[in-house]
Amino acid sequence: MGYTLNFSAVWRSFDQLLWGLALSLGLAFVAIAIGCVLGLVTAFGLLSKQGALRHPARIYVTIIRNTPILVLVLFTFFALPQLGIRLGKIESFVSTLAIYSGAYLAEVFRGGLLAVPNGLKEAGLAIGLTQSQIRNSIVMPLMLRNVLPSLSSTLISLFKDTSLAAAIAVPELTFEARKINVESFRVIETWIVASCLYVATCSVLAALLRQLERRMSIPR
C-alpha cells in the first residue's frame with residue numbers, strides 16, 4: 001500500500017489530546033450529575049398516582065429516548081437561539097447530555113424503586129418512621145445499590161457520547177483529534193491514538209466503578 005506509520009506529528013500535539021480527554025471526562029461527569037437529579041425526579045413522577053405528574057414525565061422520557069442524541073445536540077445549539085435561548089457551546093452540550101441521560105436514568109431509577117421490597121417500607125412504618133424518613137433512610141440507599149451497575153454503564157456511555165460535541169466545535173478529544181488530523185494529514189495515526197485514549201479511559205472507569213460496586217454491594 002505504500003503507507004508508512006509516523007506518529008511524530010501526533011506526539012507533538014499529544015497535550016492537546018490530553019486536554020480534550022480531560023474536557024470529555026468533565027462533560028460526562030457534570031452531565032450525569034445533572035442527569036441523576038432529572039432522572040430521579042422523573043422516576044418519582046412516573047410512579048406517581050397523579051396524572052399531572054405521571055403524564056409529563058412519560059412524555060419527556062418517550063420523546064428524549066426516541067430522538068437521536070445528535071439531533072438533540074444540534075437542536076439545542078442551533079434551534080433554541082431562534083427562540084431566544086442562547087447557550088455557549090459547552091453549556092449547550094452539557095444541557096443536552098444531561099437531559100438525554102436523565103430520560104434513560106428515569107427508567108433505571110424507576111426499576112430500582114420498584115425493586116425495594118414493600119416489607120421494608122412496612123417495617124419502617126411499624127417503628128414509627130414517616131414517609132419521608134422511609135424514603136430517605138431505606139428506599140433511596142437500597143435503590144442506589146440496585147442501580148449502581150446501570151449507573152456505571154450510563155457514565156461510560158456518556159463519556160463516549162461526548163465525541164458528538166465535536167459537531168458544535170466543543171474542543172473535546174474527538175475535536176482535537178480531528179484538528180490534528182487536518183493539520184498533519186496523519187489520518188491512521190491520529191485516530192489510532194484517539195481510539196486508544198478512549199479505550200484506556202473507559203477501561204479505567206469500568207475498573208473503578210466495579211470496585212465501587214463491590215464496596216457498596218450487600219453482603220450475602
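No experiment lies behind these values; they were computed from the predicted model shown.

Caption draft 1: Summary view of the UniProt feature "transmembrane region" (unreviewed entry) in the chain. Mapped onto the present numbering, the UniProt feature "transmembrane region" (unreviewed entry) falls on residues 20-47, 59-80 and 191-209. With 82% helix and 0% strand, residues 59-80 has end C-alpha atoms that lie 20 Å from one another. Annotated as residues 191-209, this span is 100% helix and 0% strand, and its ends, taken at the C-alpha atoms, are 27 Å apart.

Caption draft 2: Representation of the packing of aromatic side chains. All told, the structure shown has five aromatic pairs when counted by the stated rule. Their ring planes at 55° and their centres at 5.5 Å tell us that Phe159 and Tyr198 sit as a pair that is tilted. Residue Phe159 is located in helix H7 (residues 131-161), and its partner Tyr198 is located in helix H9 (residues 187-216); the two are separated by 39 residues in the primary sequence. The class for Phe159 is buried, based on a relative accessible area of 0%. Among the residues examined, Tyr198 registers a relative accessible area of 14% and is labelled buried. Here the aromatic residues Phe7, Trp11 and Phe14 are joined through ring pairs into a cluster of three or more.

Caption draft 3: Local environment of the side chain of Thr162. Note on placement: Thr162 falls in the loop between H7 and helix H8 (173-184). Of note is the side chain of Thr162, whose polar atom sits 2.4 Å from the backbone oxygen of Phe159. Residues contacting Thr162, with those up to four places away along its chain left out, are Ser24, Leu27, Ala28, Phe93, Leu97 and Glu172.

Parameters and conventions
Residues numbered from 1 in each chain as written. Predicted model: local features only at pLDDT ≥ 70, side-chain atom pairs only at ≥ 80, totals over all residues. Heavy atoms only, no water. UniProt positions renumbered as here; feature names shortened; annotations may be inferred. Helix = DSSP H or I, 4+ residues; strand = E, 2+ residues; numbered from the N terminus. Phe/Tyr/Trp six-rings, centres within 6.5 Å; stacked < 30°, edge-to-face > 60°. Buried < 20%, exposed > 50% of the residue type's maximum accessible area, 1.4 Å probe, protein only. Polar contact = N/O pair within 3.5 Å; in protein donor to acceptor, adjacent residues only side chain to side chain. Contact = heavy atoms within 4.5 Å.

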